[in-house]
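What follows is each chain in one-letter form.
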Amino acid sequence: NFTLGLGLGYTSLSATDIANAYSNTTYSCTTSDCGAREMSYSKLSAGAVGKYFISIDSKLKPYLGLGLEFNRTNLKYDQAASYYYNGVVLGNEGFSSNYFSASAKLGTEFDINENMGINVDLSYSKGLTSGMGKNSEVSSSSNPDQYRLENVSNSMEKADVTAVQAGVVIKF
C-alpha cells in the first residue's frame, strides 16, 4: 500500500515590485509608477514523495502523501544596468539560495491500464530552511535594492503553498 516517487519541478514568474522606492531615470519606466521595478523569479526543485494508498483494489486509488524537496531559487530585477550613487554600485542586484521544503498531499490515482495511470492531488507545502548557500550579486549592507531582494526571496521560501496538481503515472 506504500509507494515512493521522485520528481523534478521548475517554476518561473515575473512580478512588479511596487514597494521599491527606485527613482533613477536611467531606466525606462514600464509601469505607471516609475518607482516600481520588474522582478524575475525561478525555482528548480527535486524531491521525493511517499504515498500511502487507502485502497488498492480498484481503478481509483485514494492516497495520503508526504514529501521532501530540495529547491534552488533565483530572484533578480530585470533592469540590470549598473550605476553609481553616493559611491555605491546600484542596478545590478540578484539573489540565489537553496532551501528544503516539506509537503503533505491528499490525492487519487486512476489506472488507465496496468502500466499507466492519471494522478490528481491537493498539496500543501512549507519551507523548512531558508537561505542555505545563498549568493548575493552585491552587498545588501550598502544596497537597499539588494536588501529588498533578499527579503522578498526569504519571504517566498517561507510562504505556505497550496496547489492542485495532475500528472501521468508510469509503472515499471
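Placed above this text is the structure.
I will try to describe carefully the structure that is included in this document.

Parameters at a glance
Residues numbered from 1 in each chain as written. Predicted model: local features only at pLDDT ≥ 70, side-chain atom pairs only at ≥ 80, totals over all residues. Heavy atoms only, no water. Helix = DSSP H or I, 4+ residues; strand = E, 2+ residues; numbered from the N terminus. Buried < 20%, exposed > 50% of the residue type's maximum accessible area, 1.4 Å probe, protein only. Contact = heavy atoms within 4.5 Å. Areas by Shrake-Rupley, 256 points an atom, 1.4 Å probe, with all protein chains shown as cover. Phe/Tyr/Trp six-rings, centres within 6.5 Å; stacked < 30°, edge-to-face > 60°. Lys NZ or Arg CZ within 6 Å of the ring centre and 35° of its normal. Polar contact = N/O pair within 3.5 Å; in protein donor to acceptor, adjacent residues only side chain to side chain. Salt bridge = Lys/Arg side-chain N within 4 Å of Asp/Glu carboxyl O. Pairing = 2+ DSSP bridges. Core = buried A, V, L, I, M, F, W, Y, C linked by side-chain atoms within 4.5 Å.

Overview of the overall build of the protein
- From N to C terminus, the protein includes one helix and nine strands.
- Burial statistics for the protein: of 172 residues in total, 35% are counted as buried.
- Within the protein, residue pairs in contact and separated by at least 24 positions form 72% of the contacts whose partners lie at least 6 positions apart.
- Surface accessibility of the protein: about 10200 Å² in total, with carbon and sulfur atoms responsible for 60%.

Some thoughts on the packing of aromatic side chains
- Scanning all chains against the criterion turns up two aromatic pairs.
- Its guanidinium or amino end placed over the ring of Tyr 63, Lys 51 lies 4.6 Å from that ring's centre, counting from NZ or CZ.

What about the side chain of Ser 101?
- Here Ser 101 lies in strand 6 (residues 94-111).
- In this structure the side chain of Ser 101 is engaged in a polar contact, spanning 3.1 Å, whose partner is the side chain of Asn 71.
- The contacts of Ser 101, once residues within four sequence positions are left out, are Gly 67, Leu 68, Glu 69, Asn 71, Lys 126, Gly 127 and Leu 128.

Description of the pattern of salt bridges
- Summed over the entire model, instances satisfying the criterion amount to six salt bridges.
- Among the ionic pairs, Lys 105 bridges to Asp 121, the shortest N-O distance being 3.7 Å. Separated by 16 residues along the polypeptide, Lys 105 in strand 6 and Asp 121 in strand 7 (residues 116-127) bring together distant segments of the chain.
- For Asp 121, a relative accessible area of 5% gives the class buried.
- Overlapping salt bridges bring together Lys 61, Asp 111 and Lys 171 as one network.

Notes on the pairing of strand 7
- Alternating positions in strand 7 separate cleanly, Gly 117, Asn 119, Asp 121, Ser 123, Ser 125 and Gly 127 being buried on one face and Met 116, Ile 118, Val 120, Leu 122, Tyr 124 and Lys 126 remaining unburied on the opposite face.
- Looking at chain direction, strand 6 and strand 7 are connected through 11 bridges and run antiparallel. Of the residues in strand 7, the one forming a bridge with Leu 106 is Leu 122.
- Connecting strand 6 to the antiparallel partner strand 7 that follows it, the hairpin turn spans four residues.
- Across 11 bridges, the pairing between strand 7 and strand 9 (residues 160-170) is antiparallel. Residue pairing in the sheet places Met 116 in a bridge with Ile 170 of strand 9.

Description of the environment of Ser 153
- With respect to the element layout, Ser 153 can be found in helix 1 (residues 144-158).
- Aside from chain neighbours lying at most four places away, what touches Ser 153 is Thr 73, Leu 75, Phe 95 and Ser 97.

With respect to the nonpolar core
- Met 39, Tyr 41, Leu 75, Tyr 77, Phe 95, Tyr 99, Leu 149 and Val 152 form the largest nonpolar core, which has eight residues in total.
- Looking at this core, the elements that each hand over two or more residues are strand 2 (37-53), strand 3 (60-77), strand 6 and helix 1.
- Once residues lying within four places of it in the same chain are set aside, the contact partners of Leu 75 are Met 39, Ser 40, Tyr 41, Gly 94, Phe 95, Leu 149, Val 152 and Ser 153.

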